[in-house]
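These are the residues of each chain, in order.
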Amino acid sequence: MYLVINTLGKYRYIRMLHNYRDGKRCKHKPIMQMGRYEKQRFRRLKKELKDWKPMDRADTIIKEMQRDVANVKKHASPFKINYHR
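Residues numbered from 1 in each chain as written. Predicted model: local features only at pLDDT ≥ 70, side-chain atom pairs only at ≥ 80, totals over all residues. Heavy atoms only, no water.

## Examining the pattern of salt bridges
Stated formally: Definition used for salt bridges: Asp or Glu carboxyl oxygen within 4 Å of a side-chain nitrogen of Lys or Arg. For the exposure calls, accessible area comes from a 1.4 Å probe over protein chains only, and a residue counts as buried if that area is under 20% of its type's maximum, exposed if over 50%, partly exposed in between.
The final tally for this structure, using the stated rule, is one salt bridge. Of the charged contacts, one joins Lys 27 and Asp 22 as a salt bridge, the two residues approaching to 3.0 Å between their closest N and O atoms. Look at Lys 27 and you get partly exposed, because its relative accessible area is 31%.

## Considering the nonpolar core
The following threshold applies: Definition used in this section: a nonpolar core is a set of buried Ala, Val, Leu, Ile, Met, Phe, Trp, Tyr and Cys residues joined via side-chain atoms within 4.5 Å. Helix and strand labels come from DSSP, where a helix needs a run of H or I of at least four residues and a strand needs a run of E of at least two; each type is numbered from the N terminus. In what follows, a contact means two residues having at least one pair of non-hydrogen atoms within 4.5 Å.
Membership of the largest hydrophobic core is limited to nine residues, which are Leu 3, Ile 14, Met 16, Met 32, Met 34, Phe 42, Leu 45, Leu 49 and Ile 62. Where this core is concerned, the elements lending two or more residues are β2 (11-22), β3 (25-36) and α1 (39-51). Residue contributions to this core peak at three residues, all from α1. Excluding residues within four positions of it along the chain, Leu 49 makes contact with Met 1, Tyr 2 and Leu 3.

## So, the sheet that holds β3
As a general point, the strands of a sheet are linked pairwise by backbone hydrogen bonds and lie either parallel or antiparallel. Cut-off, in case you're wondering: In this description, strands pair whenever DSSP reports at least two bridges between them. Only C-alpha atoms enter the line fits that serve as axes; for helices the fit covers just the stretch in contact. Angles between N-to-C directions range over 0 to 180 degrees.
What the three strands build is an open sheet, ordered β1-β2-β3; its pairing is antiparallel. For this open sheet the edge positions go to β1 (2-8) and β3, each flanked by a neighbour on one side alone. Put simply, the sheet's adjacent strands are angled 35 degrees from each other on average, direction ignored. Two strands pair when backbone bridges link them, and β2 and β3 are joined in this way by 10 bridges, in the antiparallel orientation. Of the residues in β3, the one forming a bridge with Asn 19 is His 28.

## A look at the pairing of β2
Alignment of β1 against β2, held across seven bridges, turns out to be antiparallel. Within the sheet, the bridge partner assigned to Val 4 lies in β2 and is Arg 15. Taken together, β1 and the strand that follows it, β2, pair antiparallel across an intervening segment of two residues, in which Gly 9 is found at a positive phi of about 70 degrees. Linking β2 to β3, which pair antiparallel, is a turn of two residues; within it Gly 23 sits at a positive phi near 70 degrees.

See the structure below:
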């Protein structure tokens, strides 16, 4: 696994990719979006990624992050516009 910085418009984003072999070809698969690029955050993520054991640790972290996102969605109220005042 490795981190990549992508540019979209005027913003830069961090993505986590997993590389694997399909026959004789090397391919990569996006694992998750890590948010906007900040130099300190990118360095910290890169350092943490080196410490991970391949895939088994990543699966655990991805499941934890998905659970956190689900909790935020569950507790967040949708934005409503009241046109009739």
